[in-house]
Amino acid sequence: MAVDKPTDVDAGYVTVGKVVSVYGIKGWVKVLSYTDPMENIFAYQPWILASADGSRQTIAVDDGRAQGQGLVVHIEGVDDRDEARFYCQKEILVEKSQMPKLEEGAYYWHQLVGLKVFSSFEGGGVLLGTIKQMLETGSSNDVMVVSPCEGSIDKRERLLPYLTGHYGIVVDLPAGSLSIDWDPDF
């Protein structure tokens, strides 16, 4: 499992969190971090905030801390609750080049999303679909949401365990595929 679990946005950027709501009256905002541990989000600067309409804005965070179960940050130059509201509900992007290099066999979630998943069960080679999303379950393994695609065995969405060292999982990034020892009928 990777240290951080961001999701892919485009070739040059990756989503590491979201500005959720305002916090207090002095321009602070609550942040949902997709990094593990959540405080790792502070290591990435600058932040590019992406709106639902596709517009982007670069910001600098001049202060941040854990607050309760989450994080709060102060955006440089924003000192008013109403002004801070403008930044809410925007995704936090950073350049992929900022992400730490992982050890051999470890992958960021954004690297897995979009891979074609093949079953190696009983000789397999059966296309199950593509990884649409990765889910953290809070248990011993993460879960791949595998959606049907052109050429897949059927039109079912599958939830498959992502547990390296188990189920014969083999990731081949250059080929854009992941192989798993999983019964396609299950």
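Not measured: the values here are computed from a predicted model.

Turning to the overall build of the chain, a few remarks are in order. Looking only at helices and strands, the chain features two helices and 14 strands. Dimensions of the chain along its principal axes, counting C-alpha atoms only, are 60 × 30 × 30 Å. Expressed as a percentage of the 186 residues in the chain, the buried residues total 41%. When contacts within the chain are restricted to residue pairs at least 6 apart in sequence, long-range pairs at least 24 apart make up 54% of them. Carbon and sulfur atoms make up 51% of the accessible area of the chain, which amounts to about 9800 Å² in all. Charge separation in the chain, taken as the distance between the mean sites of 16 positive and 27 negative side-chain charges, equals 6 Å.

Here we take up the pairing of strand β6 (residues 61–67). Looking at chain direction, β6 and strand β7 (residues 70–75) are connected through six bridges and run antiparallel. Bridging across to β7, Gly64 finds its partner in Val73. Between the antiparallel neighbours β6 and β7 lie two residues, among them Gly68 with a positive phi of about 65 degrees.

Let's shift gears to the layout of surface pockets. Here the largest pocket defines a volume of roughly 240 Å³. Around the largest pocket, the lining is made up of 13 residues, and of these Lys101, Leu102, Glu103, Ala106 and Gln111 lie nearest the centre.

Further remarks concern the confidence of the model for the chain. On average, residues of the chain score 90 in pLDDT, and 94% of them are at 70 or above. Confidence drops under a pLDDT of 50 for residues 1–9, and excluding neighbours within four residues, the segment shows 41 contacts in the predicted structure.

Another aspect to go through is the sheet that holds strand β9 (residues 116–119). Spatially, β12-β11-β10-β9-β14-β13 is the arrangement adopted by the six strands of the open sheet, whose pairing is mixed. If you trace the sheet from one side to the other, it starts and ends with β12 (158–162) and β13 (170–172), each paired once. With strand direction ignored, the average angle separating the axes of adjacent strands in the sheet is 35 degrees. As judged from the four bridges shared by β9 and strand β14 (residues 177–180), these two strands associate in the parallel manner. Paired with Val117 across the two strands is Leu178, which belongs to β14.

A few words on the pattern of salt bridges. Going through the model one piece at a time under the given rule, you end up with three salt bridges. Glu157 is the salt-bridge partner of Lys132, the closest N and O atoms lying 3.6 Å from each other. Remark: Glu157 occurs in the loop between β11 (142–147) and β12 and Lys132 occurs in strand β10 (residues 126–135); sequence separation between them is 25 residues. The salt bridge involving Asp154 is made with Arg158; its shortest N-O contact spans 2.9 Å. Judged by its relative accessible area of 22%, Asp154 is partly exposed.

A separate point is the pairing of strand β3 (residues 28–33). Of the pairings in the sheet, the one linking strand β2 (residues 13–23) to β3 comprises six bridges and is antiparallel in character. Bridging from a neighbouring strand, Ser21 pairs with Lys30 of β3. Of the strand pairs in this sheet, β3 and β7 are connected by four bridges, and their pairing is antiparallel. The residue bridging Lys30 from the neighbouring strand is Val72, located in β7.

What counts, and where the lines are drawn
Residues numbered from 1 in each chain as written. Predicted model: local features only at pLDDT ≥ 70, side-chain atom pairs only at ≥ 80, totals over all residues. Heavy atoms only, no water. Helix = DSSP H or I, 4+ residues; strand = E, 2+ residues; numbered from the N terminus. Buried < 20%, exposed > 50% of the residue type's maximum accessible area, 1.4 Å probe, protein only. Contact = heavy atoms within 4.5 Å. Areas by Shrake-Rupley, 256 points an atom, 1.4 Å probe, with all protein chains shown as cover. Lys, Arg positive; Asp, Glu negative; His and termini not counted. Charge placed at Lys NZ, Arg CZ, Asp CG, Glu CD. Pairing = 2+ DSSP bridges. 1 Å grid on protein atoms, 1.4 Å probe; cavity = no way out; pocket = protein on both sides within 12 Å on 5 of 7 lines; lining within 4 Å. Points joined across faces, edges and corners; volume = space filled by probe spheres on them. pLDDT = per-residue confidence, 0-100. Axes fitted to C-alpha atoms, helices over the stretch in contact; angles between N-to-C directions. Salt bridge = Lys/Arg side-chain N within 4 Å of Asp/Glu carboxyl O.

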